[in-house]
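Given next are the chains, with one letter for each unit.
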Amino acid sequence: MSTEDHPAPRSLAEALRGRDDTALGALLRSRPDLITPVPTDLTQLATRAGTRASVVRALERLDRFALQTAEALAVAGDPASYDELLGLMAGDDRDPEVAAALPAALAALREQALVWGADDRLRLVRTARELLAPSPQHPSPTGLGPSVREATAGMSPGRIQEIVAAVGLPSTHDSVSAVQALAALFTHRKKMARLLAGAPAESREVLERLMWGPPYGQVTHDPAARLRWLLDRGLLLPTAPGTVVLPREVALHLRAGRAHRTPEPVPPAVTAASAHRPQVVDATAAGQAYTALATVEELLTDWNEGGPPVLRAGGLSVRDLKRTAVALDLPEPVAAFWVELAYAAGLLASDGEADERYAATPAYDEWLERPAPERWALLAQTWLTATRTSGLVGGRDAKERALSALGPGLDRSAAPEVRHRVLALLAALPEGAAPDPEAVLARLRWERPLRGAQNAPGAQGQRPEEDLRARLARWTLAEAELLGMTGRGALSAHGRALVGAPAEKTPRTEPHGPGDKLPFHHHRAPGVLEPLSPAEQAVAAATAARLLAPLLPEPLDHVLLQADLTAVAPGPLQRPLAAVLGVLADVESKGGATVYRFTPASVRRALDAGRTAADLHAFLAAHARTPVPQPLAYLIDDVARRHGRLRVGAASAYLRCDDDTVLNEILADKRAVPLRLRLLAPTVLASQADPAALLDGLRAMGYAPAAESADGDVLITRADAHRTPPRTPPEPVPDGPPVPDVTLLSAAIRAIRAGDQASTAPRRPADPAAPPPAPGELPRTSSAETLATVQAAVLTGEALWIGYVNAEGAASQRVIAPVRVEGGFVTAYDHTADEVRTYPLHRITGVAELAGD
């Protein structure tokens with residue numbers, strides 16, 4: 001195809017206009033902020049693609065080699081040829097590895113509209129060049145300084161001629177040609193080699209120190225001889241009083257043409273630190289998964305009657321987090337992880353009452369009724385997509401405020417992407433292989449070098465978190481092990497299924513670059529593991545639950561009773577058995593076997609919950625594989641015999657008992673003084689304390705009172721009575737606009753194409769002598785001219801270009817084919833919207849006929 005058929009684009013808009021729908025769709029998928037909202041035409045799309053915020057976001061999603069390529073273009077000429085770019089990236093020796101990877105990196109930059117133009121005229125978009133080009137305020141990662149032309153701007157013509165003469169060049173009549181001659185000398189390898197061959201050794205040492213940057217140095221008013229030699233020949237140029245810079249052309253000669261000290265065309269390999277049998281990995285991960293379920297259940301059982309209070313600023317206090325960690329027998333960071341996971345899954349929330357406290361939600365009861373593998377899949381899926389990050393608990397935000405569990409400020413929108421990427425790297429290893437964590441971090445740094453980094457474009461003046469992605473990756477590896485996604489550091493079979501990775505025993509080749517994250521199956525490259533759609537997530541969760549089910553221990557329906565008032569559960573118990581035993585006894589130790597201890601307080605707790613002594617004897621006989629020990633039977637009967645002899649009601653509170661001697665004993669007990677008891681009748685005492693305080697005080701004295709209702713009946717209290725109102729889980733904070741689905745993408749491309757046709761279609765003005773309208777300017781005609789032109793178009797079937805203002809006052813231009821005009825409305829086929837629409841004539845600013853082909 002000749003260049004006449006496809007002339008070189010003169011702008012980014014023209015370059016986008018030359019793309020087909022597939023290439024345009026790839027751009028909109030990789031940069032979804034460009035269609036929020038949908039641009040009216042390709043000119044507006046190009047303008048939006050060059051805005052600072054959009055370019056910064058695009059640069060942050062480049063891998064290291066693509067970013068290095070963009071940085072090299074920022075110090076190259078504008079425009080630059082592919083050969084010039086190749087020289088900057090591969091050096092004079094044309095590194096074959098760099099040369100092989102450069103076309104893919106350049107294609108990625110083109111796909112994201114950061115670079116446009118043919119290979120002989122490559123242009124980096126202006127905003128990207130401003131962000132990446134070196135300047136004294138914002139040094140370039142290349143370590144290069146300004147060019148000779150930039151560094152000599154403002155220098156006196158006489159001084160420039162002195163430098164030209166010192167390097168042996170003929171004098172010129174103007175400074176521009178002198179600077180050009182000097183730059184040509186510095187870029188000529190052989191001539192520069194001869195010039196530097198005569199440099200003193202000390203001067204060469206100065207150049208070597210500045211060669212890889214920073215290129216700026218300090219000099220005194222009377223420079224040393226080694227510096228004077230360089231200054232006289234322009235190898236160092238003054239930029240400010242006392243400051244000199246190494247010109248870019250000189251640095252590139254010293255570097256053998258390389259813009260970067262170490263180009264990184266190939267991503268670091270994720271190596272395996274250890275390998276285990278897949279069966280061992282799956283079994284270990286399943287054990288962790290069971291522990292995860294037990295931990296969440298224990299946490300919310302402990303908070304059944306109302307958990308800790310909500311801080312005024314939101315969240316859990318440090319003291320309450322410590323108490324929770326002690327109750328779960330876990331370190332505080334791990335306890336914070338489980339608290340946050342239960343909250344993200346919607347199992348835990350604040351109750352919203354005046355004395356606001358945390359408690360389980362109704363969804364927790366529904367979760368308990370589901371099979372164990374499904375409960376685990378819900379927790380794991382929640383963790384994968386949640387943006388709340390428990391690893392931040394205990395740190396401080398940008399305003400130096402403490403970050404607390406369940407409090408504000410814990411969302412990090414990059415967390416789901418990092419978690420998925422870490423697990424994808426694990427899935428690329430052979431089954432049973434555990435990665436080297438440092439290799440995983442190195443790979444992530446290569447893939448997104450600017451995300452969360454201090455040197456991110458536009459980050460100056462802000463306070464970005466240092467290496468956030470690295471910390472997220474470390475937390476991901478630890479949390480995946482806690483949750484049972486991994487076992488011994490290797491991804492398990494059910495974890496592999498949950499992230500959508502096929503089970504295989506050989507590592508896969510993963511393409512890299514900005515396109516490897518696009519979550520669309522129709523755009524996936526073979527072997528690339530990408531985020532799943534909601535429908536795929538549901539299928540993956542079901543598959544993971546099915547794989548996990550045979551690995552979890554089968555719940556038992558029995559315990560082993562021992563003579564020391566303990567019961568041993570040799571494994572997980574069935575839910576009804578565990579629930580009753582949890583009320584009747586206290587957990588003494590956990591592990592592979594759980595030990596429960598029966599005490600007077602625990603037996604009284606079961607009686608308070610409505611059980612009778614006969615119920616408890618029958619329960620133990622039905623579920624014990626060993627005979628009920630006599631001490632345990634005596635304990636139950638003894639507590640039951642005394643239970644309820646005393647009755648507590650509201651007076652503020654009263655205490656009644658049929659045995660007046662018991663009441664006299666209580667009155668005579670010094671420990672009863674705080675209860676402020678007074679004898680009302682031989683069998684009734686009144687107290688100024690509330691009923692709950694009276695109950696606790698009498699139990700502390702060794703009695704077994706029972707609360708009673710207003711009707712005189714024993715009041716049964718259950719430990720699981722408190723629940724919050726229905727709550728929805730917290731929504732993850734998105735990392736920018738959502739990636740468009742196929743339907744939205746197709747509609748957006750169609751609308752952009754149609755709008756571009758409307759804005760670029762050639763028009764025929766009504767007055768041939770009138771100048772053509774400026775680009776983007778709406779046509780203007782009188783009401784009579786508009787009506788006459790539209791009626792004529794109905795008869796001829798021709799298309800018209802119109803300006804239209806909608807009810808909200810937004811103006812647009814459209815190409816329509818009028819079908820009917822009546823009642824002040826025109827019905828036409830709108831090429832812009834690709835459908836038939838009706839427009840009020842009074843909202844049409846003007847019309848113009850389209851020019852012929």
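Residues numbered from 1 in each chain as written. Predicted model: local features only at pLDDT ≥ 70, side-chain atom pairs only at ≥ 80, totals over all residues. Heavy atoms only, no water.

Before we move on, can you summarise the overall build of the chain with the specific residues and values?
What the chain contains, in helices and strands, is 33 helices and 26 strands. Sequence-distant contacts, at least 24 apart, represent 66% of the contacts inside the chain between residues at least 6 apart. (Helix = DSSP H or I, 4+ residues; strand = E, 2+ residues; numbered from the N terminus. Contact = heavy atoms within 4.5 Å.)

Before we move on, can you summarise the pattern of salt bridges with the specific residues and values?
Scanning all chains against the criterion turns up 36 salt bridges. With its nearest N and O atoms 2.9 Å apart, the salt bridge here joins R10 to E14. Salt-bridge contacts for E130 lead to R126; the nearest nitrogen and oxygen are separated by 3.0 Å. You can see E130 and its partner R126 sitting in helix α8 (residues 126-132), 4 residues apart, about one turn around the helix. (Salt bridge = Lys/Arg side-chain N within 4 Å of Asp/Glu carboxyl O.)

Report on the packing of helix α5 (residues 64-75) against helix α7 (residues 96-111), specifying residues and quantitative values.
Where α5 meets α7, the axes come as close as 9 Å, and the angle between the chain directions of the two elements is 85°. Accordingly, the angle class assigned to the pair α5 and α7 is roughly perpendicular. Contact residues: F65, A66, T69, A70 and L73 in α5; V98, A101, L102, A105, L106 and L109 in α7. By residue class, the composition of the contact of α5 with α7 is 10 nonpolar, 1 polar and no charged. (Axes fitted to C-alpha atoms, helices over the stretch in contact; angles between N-to-C directions. Parallel < 35°, antiparallel > 145°, perpendicular 65-115°, else oblique. Nonpolar A, V, L, I, M, F, W, Y, C, P; charged D, E, K, R; others polar.)

Explain the packing of aromatic side chains to me, and be specific about the residues and the numbers.
Applying the stated rule across the entire model yields 4 aromatic pairs. Sitting over the face of the ring of W367, R375 holds its NZ or CZ atom 5.2 Å from the ring centroid. (Phe/Tyr/Trp six-rings, centres within 6.5 Å; stacked < 30°, edge-to-face > 60°. Lys NZ or Arg CZ within 6 Å of the ring centre and 35° of its normal.)

Let's hear about the sheet that holds strand β3 (residues 216-218): which residues, and what values?
Strand order in the open sheet made by the 3 strands is β3-β5-β4, with antiparallel pairing throughout. Whereas interior strands pair on both sides, the edge strands pair on one side only; in this sheet they are β3 and β4 (237-240). Put simply, the sheet's adjacent strands are angled 40° from each other on average, direction ignored. Note: β3 against strand β5 (residues 243-245), 3 bridges, orientation antiparallel. (Pairing = 2+ DSSP bridges.)

Run through helix α17 (residues 318-328), naming residues and quoting values.
All buried positions along α17 are accounted for by D320, L321, T324, A325 and L328. What you see down the axis of α17 is that its buried residues fit within an arc of 140°, all on one side. Seen from the open side of α17, the exposed residues pointing more than 90 degrees away from its buried face are V318, R319, R323 and V326. Taken from the residues just after α17, D329 is the one with a positive phi, measuring 55°. (Buried < 20%, exposed > 50% of the residue type's maximum accessible area, 1.4 Å probe, protein only. Arc of directions from axis to C-beta.)

So what about the pairing of strand β13 (residues 566-569)? Which residues, and what values?
Alternating residues of β13 divide into T566 and V568 and A567 and A569, and every residue in both groups is buried. As defined by bridge partners, strand β12 (residues 560-562) adjoins β13 across 3 bridges and the pair is classed as antiparallel. Within β13, the residue paired with L560 across the bridge is V568. Linking β12 to β13, which pair antiparallel, is a turn of 3 residues; within it L565 sits at a positive phi near 65°. Alignment of β13 against strand β15 (residues 594-597), held across 4 bridges, turns out to be antiparallel. By the bridge assignment, A569 is partnered in β15 with T594.

Tell me what's going on with the nonpolar core, and back it up with residues and numbers.
F186, L235 and L236 are the most contacted members of the largest nonpolar core, which totals 92 residues. When neighbours within four sequence positions are excluded, L236 is seen to be in contact with V206, L210, L227, L230, L231, V244, V245, L246 and P247. Judged by nonpolar contacts, the second largest core, of 68 residues, contains V270, L293, L483 and A497. (Core = buried A, V, L, I, M, F, W, Y, C linked by side-chain atoms within 4.5 Å.)

For the sheet that holds β12, give the residues involved together with the corresponding values.
Judged by pairing direction, the sheet is antiparallel, and its 4 strands sit side by side in the order β12-β13-β15-β14 without closing on themselves. Edge strands, defined here as strands with exactly one partner in the open sheet, are β12 and β14 (586-589). Mean inter-strand twist for the sheet, computed between neighbouring axes without regard to direction, equals 30°.

Which residues make up the confidence of the model for the chain, and what values go with them?
Parts of the prediction with low pLDDT should not have their coordinates interpreted in detail. Per-chain confidence: the chain averages 85 in pLDDT, with 90% of residues scoring 70 or above. Confidence over residues 454-465 falls short of pLDDT 50; this stretch has 22 contacts with residues more than four positions distant or in other chains. This stretch, residues 505-527, has a pLDDT under 50; its non-local contacts, to residues over four places away or in other chains, come to 64 contacts. (pLDDT = per-residue confidence, 0-100.)

A description of the side chain of S602 should follow, citing residues and the corresponding values.
Along the chain, S602 turns up in helix α27 (residues 600-608). Accessibility expressed as a relative area gives 0% for S602, which makes it buried. If we ignore the near neighbours within four places in the chain, the residues touching S602 are V583, L584, A585, D586 and R597.

Report on the environment of P238, specifying residues and quantitative values.
Within the secondary structure layout, P238 lies in strand β4. The residues touching P238, leaving out its near neighbours within four places in the chain, are A151, M155, T243 and V244.

Pulling in residues and values, what's your account of helix α11 (residues 175-187)?
Its 13 residues give α11 an end-to-end C-alpha distance of 18 Å, which sits within 8% of 18 Å, the value for a rise of 1.5 Å per residue. On its buried face, α11 is in contact with α9 (148-151), α10 (157-166), α12 (189-197) and α15 (248-254). Near the N-terminus of α11, the side chain that reaches the backbone nitrogen of V176, with its oxygen 3.1 Å away, is that of D174. (Expected span 1.5 Å × (residues − 1). Polar contact = N/O pair within 3.5 Å; in protein donor to acceptor, adjacent residues only side chain to side chain.)

I'd like a description of the side chain of D282, backed by residues and values.
Assignment of secondary structure puts D282 in helix α16 (residues 278-302). Within polar-contact distance, the side chain of D282 engages the backbone nitrogen of A493 at 2.9 Å. Setting aside its immediate chain neighbours within four residues, D282 contacts S492, A493, H494 and L551.

How would you sum up the packing of helix α20 (residues 372-385) against helix α21 (residues 415-427)? Please name residues and give values.
The interhelical angle for the contact between α20 and α21, taken along N-to-C directions, is 115°, at an axis separation of 7 Å. What the angle tells us is that α20 and α21 run roughly perpendicular. Seen from α20, the contacting residues are W383, L384 and T385; seen from α21, they are P416, R419 and L423. Looking at the contact of α20 with α21, its residues break down into 4 nonpolar, 1 polar and 1 charged.

How would you sum up unusual backbone geometry? Please name residues and give values.
The omega torsion across T36 and P37 is -5°, close enough to zero to call that bond cis. Position of P37 among the secondary structure elements: in the loop between α2 (21-30) and α3 (42-49). With an omega dihedral of 5°, the bond running from D78 to P79 counts as a cis peptide bond. If you trace the backbone, P79 turns up in the loop between α5 and α6 (82-90). The backbone phi angle of R676 is positive, close to 50°, even though this residue is not glycine. By the element assignment, R676 lies in the loop between α30 (660-668) and β18 (677-681).

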